[in-house]
Amino acid sequence: MERMMTNPFVRYSEKKLLFTGLFATIIGSVLAAHFYTRYDGVLDAHTVSELKYYMPFLDNVINVFCLSLVLYGIGKYINRKTRGVDILTVVLISRIPLYIFPLFQIGGYLDEITKKLLPAAGNAFELNITGIEMIFLLVFALVYFAALALFIVLLRYGFAVASNVKSVKHWVLFAFGILVAEILSKLIFLTLN
Amino acid sequence: MAFKLPVHCPSCETMLSVSQLSCPECSTVVSGNYDLPLFLQLTRDEQDFIMQFILNSGSLKEMAAQMGNSYPTVRNKLDDIIGKINQLKNKNGKDDD
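Predicted, not measured: the structure shown is a model, and the values here were computed from it.

Rules used in this analysis
Residues numbered from 1 in each chain as written. Chains lettered and ligands numbered in written order. Predicted model: local features only at pLDDT ≥ 70, side-chain atom pairs only at ≥ 80, totals over all residues. Heavy atoms only, no water. UniProt positions renumbered as here; feature names shortened; annotations may be inferred. Helix = DSSP H or I, 4+ residues; strand = E, 2+ residues; numbered from the N terminus. Pairing = 2+ DSSP bridges. Disulfide = S-S within 2.5 Å. Salt bridge = Lys/Arg side-chain N within 4 Å of Asp/Glu carboxyl O. Buried < 20%, exposed > 50% of the residue type's maximum accessible area, 1.4 Å probe, protein only. Contact = heavy atoms within 4.5 Å. Buried area = accessible area lost by both parts, 1.4 Å probe. Polar contact = N/O pair within 3.5 Å; in protein donor to acceptor, adjacent residues only side chain to side chain. Nonpolar A, V, L, I, M, F, W, Y, C, P; charged D, E, K, R; others polar.

## Brief notes about the UniProt feature "domain: DUF2089" (unreviewed entry) in chain B
All names here are of chain B. When the UniProt feature table is mapped onto this chain numbering, "domain: DUF2089" (unreviewed entry) sits at residues 9–39 and 42–86. Secondary structure within residues 9–39 divides into 0% helix and 42% strand; the distance between the first and last C-alpha atoms comes to 17 Å. The annotated region residues 42–86 carries 80% helix and 0% strand content, and the separation between its end C-alpha atoms amounts to 12 Å.

## Considering the pairing of strand β1 (residues 17–22) of chain B
Walk down a regular strand and you will see the side chains alternate between the two sheet faces. With 5 bridges joining them, β1(B) and strand β2 (residues 29–35) of chain B adopt antiparallel strand pairing. Counterpart to B:L21 in the pairing with β2(B) is B:V30.

## Quick notes on the state of the cysteines
On inspection of all chains with the given rule, the structure shows 0 disulfides over all chains. Lacking any disulfide linkage, B:C26 is separated from the closest cysteine sulfur, that of B:C23, by 3.7 Å.

## Here's the deal with the pattern of salt bridges
All names here are of chain A. Taken as a whole, this structure holds 8 salt bridges over all chains when the rule is applied. The partner of E14 in a salt bridge is R83, with the nearest N and O atoms 3.4 Å apart. Separated by 69 residues along the polypeptide, E14 in helix α2 (residues 14–34) and R83 in the loop between α3 (55–78) and α4 (84–94) bring together distant segments of the chain. Both residues of the pair, E14 and R83, count as buried. Shared partners join several salt bridges into a network, and the residues in it are E14, R83 and D86.

## Section: unusual backbone geometry
Residues other than glycine seldom take positive phi values, yet B:E13 does so here, at roughly 70°. For B:E13, the location among the structural elements is in the segment before β1.

## What about the interface of chain A and chain B?
At the interface, 15 residues of chain A touch 11 residues of chain B. Counting the surface lost from both chain A and chain B, the interface buries some 990 Å², and carbon and sulfur atoms represent 37% of this. Scanning the region where chain A abuts chain B turns up 2 salt bridges. Here B:D79 makes a salt bridge to A:K81, at a shortest N to O gap of 2.7 Å. For the pair chain A and chain B, the number of links is 10 residue pairs in polar contact (both at pLDDT 80 or more). It is helix α6 (residues 131–163) of chain A that contributes the most residues to the side of chain A that touches chain B, 3 residues altogether. The class makeup of the residues in the side of chain A that touches chain B is 6 nonpolar, 3 polar and 6 charged.

So, in structure tokens, the structure goes:
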């Protein structure tokens, strides 16, 4: 079970992974559109007050494209037998944990707390939030960091299978690749906005 | 019960060689010092993988479906075995020199 959760790429065929990944991306985009969330970067997720329905879909397409493109290039350099479809499924499946983010927007509770926090920005002593709101923020932060960590773990395991990565040098390239994909996606978002 | 052919010395881990062969019919014994064939120098798991590869006419996709693994997992295993065979070939070549 643990292996299935952390490394589904060893066991499942690319068709199953691709279908699951695409389905999850669509669901994640619908949730983000419904709960005013934007994924404006490979590693980013933000709440917004105004949103056109297509934006989260476009965000996810750009993020998946950037990460897949960079990791495919690095994968090909490491192992020429690396296939594009394997990298694409790794990226699609790895992003699933990030789609939990919009769920914290249900009821607009997170947005309300954020609005309360904004006037006190830079001064922790003037925070005007209740204990329950503080606990909500803490749970949100923990869950979001856990989701981000799971995203990286899934990406790491998936990339290892897709490109047969073994050496430290290759893992350094992988980490560098994530940063390059983040910068590339940010540049695209800046150009589009 | 099929016994596992030992290929490494249990004491010092050096690759074993064949020093005696015998005929199960007439008990004729041939003595000498022969290297193990390269295929036998692989682990049992690796030998089984190669056997499956041949029986599946070299189709990694069919092997992946049979083994319940993904295609890149099976391809990586094949690549690892190829790497090991090349290492053994180089090592055996150096030993011959």
